[in-house]
Amino acid sequence: MDTENHLIQSTLSQIRGALAFVGQNPYLQALVVVAVFFIVAWLADLLITRGIVRLARRTRSDIDDRIVALLHRPVYVTVNLLGLLFAALIIETNGSSIEAITKNVFATLIVLIWVTFGLRVVNAILSTVTVATGQRRIVQPATRPLFEVASKLAILALAIYFILVSWGVDPVGWLATAGIAAVAVGLAAQETLGNLFAGISILADAPYKIGDYIVLNRDERGRVTKIGLRSTRILTRDDLEITVPNSVIARSMIVNESSGRWIKQRLRIPVGIAYGSDIDLVKRVLIEAVESEKLVCDDPEPWVQFRAFGDSSLNFEVRCWIDDPATRGRALDAINTTIYKKLAEHGLEIPFPQRDLYIKELPKRRRN
């Protein structure tokens, strides 16, 4: 505050010295100051609208264009307000409390002007960043309200601080009270804040996006329909929408079936064949059964592996790919049906576990 008053008084003394040629009439000096600052404001506005705007248009991004377009008005008004301030100080010569009030009023007006500019700049930046291409951007339509509110609160907090300082009010007590209130709110809303920060991390890390098929902890499976700051919504194959808190997702293992090298998904279908069967025939029949299905991809080609000797069967595994994870259920149904029919046509048996029970001795009948 003292530094600000010293700067104003020093500038005011220099202005009075420069205006000695117009005499000692304060009203005439004030009129000249207003006129000079008006000309300076007009030149500054001309420089911004004619010079800096042209330079900004040469860049690829349009953020600087929008910021410069918003800049000329606060600069123009601020310079004119400074001219009115010095003119008022020249007229006020008795050094009473009116001079201090005048300084505080003009300082408050200038702060409010630049606060408005800051809020508009935040809107311009967030609008440009939100519509930018790329899936791994932090500022997305779902997170824009969070960044918008946080940035505006920061700007308003700085504005209140500078206004209090300009009026000679110590903001330390207010800051301490605000800190205690913030701690109390944080303790009362731990779960909500946990979901909020987890949502931000999910949107920043982007383990999945809207439209992906995901599996959480190998249990919940479905298509992501919405990613919010508090929760994620998943539409299951039963057409049931479940809402999972983001804090739960952040602690879960996520399997994204729509990500990876491509959207295609590989199916593993175990098939047991009776002992004594022709292995080459089994493999050929299984391949023919899978290749006859329309939902199965030709690339990569399906193949069959002889996995193990089971307790009552020879264990094979059919591996094939489908184009969309959403068709997994229909593809499994069609493939299993075709495999069963093909095996039956070729007389290949699918065994089932059998147990032989040997009775060593019958219990003796009791005599009455």
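Preceding this paragraph is the structure being described.
Residues numbered from 1 in each chain as written. Predicted model: local features only at pLDDT ≥ 70, side-chain atom pairs only at ≥ 80, totals over all residues. Heavy atoms only, no water.

**Student:** Tell me about the sheet that holds strand β7 (residues 303-309), and please be specific about residues and values.
**Tutor:** Taken in spatial order, the three strands line up as β6-β8-β7 in an open sheet, and their pairing is antiparallel. A strand with exactly one partner marks an edge of an open sheet, and here the two such strands are β6 (265-273) and β7. This sheet shows a mean twist of 25° between the axes of neighbouring strands, independent of strand direction. Helix-sheet contacts for helix α9 (residues 279-291) involve β6, β7 and β8 (314-322), and the interaxial angle to β8 is about 25°. In the packing of helix α10 (residues 328-345) onto the sheet, the strands contacted are β6 and β8, and the crossing angle to β6 comes to about 30°. (Pairing = 2+ DSSP bridges. Helix = DSSP H or I, 4+ residues; strand = E, 2+ residues; numbered from the N terminus. Axes fitted to C-alpha atoms, helices over the stretch in contact; angles between N-to-C directions. Contact = heavy atoms within 4.5 Å.)

**Student:** A description of helix α3 (residues 63-91) should follow, citing residues and the corresponding values.
**Tutor:** Owing to its 3.6 residues per turn, the α-helix aligns residues three or four sequence positions apart on the same side. An ideal rise of 1.5 Å per residue puts 42 Å on 29 residues; α3 measures up with 43 Å between its terminal C-alpha atoms. Most pronounced at Leu71, the bend in α3 amounts to some 25°, and the proline Pro74 follows within four residues. (Expected span 1.5 Å × (residues − 1). Bend = angle between axes of the 7 residues up to and from the residue.)

**Student:** How would you sum up the packing of α9 against α10? Please name residues and give values.
**Tutor:** The contact between α9 and α10 brings their axes to 9 Å, and the two run at 140°. Compared by their axis directions, α9 and α10 come out oblique. For the element pair α9 and α10, the recorded crossing hand is right-handed. Residue-level inspection shows Val285, Leu286, Ala289 and Val290 of α9 in contact with α10, the latter providing Ile335, Thr338, Ile339, Lys342 and Leu343. When the residues that make up the contact of α9 with α10 are grouped by side-chain class, the tally is seven nonpolar, one polar and one charged. (Parallel < 35°, antiparallel > 145°, perpendicular 65-115°, else oblique. Left-handed = near helix turned anticlockwise from the far one by under 90°. Nonpolar A, V, L, I, M, F, W, Y, C, P; charged D, E, K, R; others polar.)

**Student:** Describe the sheet that holds strand β1 (residues 213-216), with residues and values.
**Tutor:** Spatial ordering of the open sheet is given by β4-β3-β2-β1-β5, a layout of five strands whose pairing is antiparallel. The strands lining the two open edges of the sheet, one partner per strand, are β4 (241-245) and β5 (254-256). Taken over all neighbouring pairs, the strand axes of this sheet differ in orientation by 40° on average, direction set aside. Bridge analysis of strand β3 (residues 231-235) against β4 gives five bridges, and the strand direction is antiparallel.

**Student:** Which residues make up the pattern of salt bridges, and what values go with them?
**Tutor:** On inspection of all chains with the given rule, the structure shows five salt bridges. Of the charged contacts in the structure, one is a salt bridge between Arg319 and Glu317, with a shortest N-O distance of 2.7 Å. Comparing Arg319 with Glu317, the two get one shared label, buried. One connected set of salt bridges, linked through shared partners, spans Arg221, Glu257 and Arg328. (Salt bridge = Lys/Arg side-chain N within 4 Å of Asp/Glu carboxyl O. Buried < 20%, exposed > 50% of the residue type's maximum accessible area, 1.4 Å probe, protein only.)

**Student:** Quick one: what's the story with the nonpolar core, residue by residue and with numbers?
**Tutor:** Among the nonpolar cores identified, the biggest contains 22 residues, and Val271, Leu286, Phe316, Val318, Ile335, Ile339 and Leu343 are the most heavily contacted of them. Here this core gets six residues from one element, more than from any other, and that element is α9. Excluding its chain neighbours within four sequence positions, the residues that come into contact with Leu286 are Val271, Val304, Phe316, Val318, Ile339 and Leu343. Core analysis: the next-biggest nonpolar cluster, separate from the first, contains 14 residues, Val33, Val68, Leu85 and Ile90 among them. (Core = buried A, V, L, I, M, F, W, Y, C linked by side-chain atoms within 4.5 Å.)

**Student:** Please provide a residue-by-residue account of unusual backbone geometry, values included.
**Tutor:** Along the chain, Asp299 connects to Pro300 via a cis peptide bond; the corresponding omega equals 0°. Secondary-structure assignment places Pro300 in the loop between α9 and β7. In this structure, Asp239 is a non-glycine residue whose phi angle is positive, near 60°. Tracing the chain through its elements places Asp239 in the loop between β3 and β4.

**Student:** How would you sum up the packing of aromatic side chains? Please name residues and give values.
**Tutor:** For the coordinates displayed, the defined rule picks out five aromatic pairs. Taking 5.2 Å as the distance between ring centres and 70° as the angle between the ring planes, the aromatic pair formed by Phe306 and Phe309 counts as edge-to-face. Given the relative accessible area of 28%, Phe306 is considered partly exposed. Its relative accessible area of 62% is what places Phe309 among the exposed residues. (Phe/Tyr/Trp six-rings, centres within 6.5 Å; stacked < 30°, edge-to-face > 60°.)

**Student:** Describe in detail a nonpolar patch on the surface, supporting the description with residues and values.
**Tutor:** Taken together, the side chains of Ile101, Val105, Leu109, Leu112, Trp167 and Val169 present a nonpolar region at the surface, about 480 Å² in accessible area. In this fold, Val105 is placed in helix α4 (residues 97-130). (Patch = residues over 30% accessible without salt bridge, like charges linked within 9 Å, V, L, I, M, F, W, Y side chains within 5 Å. Areas by Shrake-Rupley, 256 points an atom, 1.4 Å probe, with all protein chains shown as cover.)

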